[in-house]
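Summary of structural features
One letter stands for each residue in the lines below.
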Amino acid sequence: MRKVRINVKGRVQGVGFRYTTKMVADQLNVHGLAVNNSDGSVTIEATGDEKAIQDFIKKVKESPSPAGNVNTIDVTDDETIEVRDQFLAR
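The following paragraphs examine the structure supplied in this document.

Here is what the cut-offs are and how they apply
- Residues numbered from 1 in each chain as written.
- Predicted model: local features only at pLDDT ≥ 70, side-chain atom pairs only at ≥ 80, totals over all residues.
- Heavy atoms only, no water.
- Salt bridge = Lys/Arg side-chain N within 4 Å of Asp/Glu carboxyl O.
- Helix = DSSP H or I, 4+ residues; strand = E, 2+ residues; numbered from the N terminus.
- Buried < 20%, exposed > 50% of the residue type's maximum accessible area, 1.4 Å probe, protein only.
- Contact = heavy atoms within 4.5 Å.
- Core = buried A, V, L, I, M, F, W, Y, C linked by side-chain atoms within 4.5 Å.
- Pairing = 2+ DSSP bridges.
- Axes fitted to C-alpha atoms, helices over the stretch in contact; angles between N-to-C directions.

Now for the pattern of salt bridges. Counted under the stated rule, the structure contains 8 salt bridges. Notably, a salt bridge pairs D77 with R2, separated by 2.7 Å at the nearest N-O pair. Placement of the pair is D77 in strand 4 (residues 69–77) and R2 in strand 1 (residues 2–11), with a sequence separation of 75 residues. Judged by its relative accessible area of 17%, R2 is buried. For K58, the salt bridge is made with E62, and the minimal N-O distance between the two is 3.4 Å. Of the two residues examined, K58 and E62, each falls in the exposed class. Several salt bridges share partner residues, and in doing so they unite R2, E50 and D77 into one network.

Pasting the structure below:
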């Protein structure tokens, strides 16, 4: 199982980004959470098998929200991320 923390910057708040990220995660069987940050970015914690996480990262880079726009994405493997049984968009 791979555990990653993803920080996404761009037009990612107020455009349905977290909701559509959850939809992608659910389709790929990726669990975790997405939260807005005060600086306008979104942080995602995601866990899943290697292929699912790779596909998930690719979709996040492309912005799952049609109204969103991802400028930068920073992916860090982090074994301390809590394993969840679903994906939450907070």
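By secondary structure assignment, the location of T47 is in strand 3 (residues 42–48). Not counting residues within four places of it along the chain, the set of residues in contact with T47 comprises M1, R2, K3, N29, V30, H31, I53, I81 and E82.

Glancing now at the nonpolar core. Judged by nonpolar contacts, the single largest core of 20 residues is most densely connected at I6, V8, F17, I44 and F56. Going through the elements one at a time, strand 1, helix 1 (17–28), strand 3 and helix 2 (50–61) are the ones with two or more residues in this core. When near neighbours in sequence (up to four residues on either side) are disregarded, F56 contacts I6, T21, V24, A25, L28, V30, I44, A46 and F87.

So, on to the sheet that holds strand 3. With respect to topology, 5 strands assemble into an open sheet ordered 4-1-3-2-5, the strand pairing being mixed. A single partner strand is all that each edge strand has here, and the edge strands are strand 4 and strand 5 (87–89). Averaged over all neighbouring strand pairs, the angle between strand axes comes to 15°, with direction disregarded. Sheet topology note: the strand 2 (residues 31–36)/strand 3 ladder contains 6 bridges and is antiparallel. Bridged to N36 within strand 3 is V42. On the sheet, helix 1 packs against strand 1, strand 2, strand 3, strand 4 and strand 5 and is oriented at approximately 170° with respect to strand 5. Of the strands in this sheet, strand 1, strand 3, strand 4 and strand 5 touch helix 2, which is tilted by about 5° from strand 1.

Our next topic: the pairing of strand 1. In terms of strand pairing, strand 1 meets strand 3 through 7 bridges, oriented antiparallel. The partner of N7 across the bridge, within strand 3, is T43. The pairing of strand 1 with strand 4 spans 8 bridges and is antiparallel. Paired with V4 across the two strands is D77, which belongs to strand 4.

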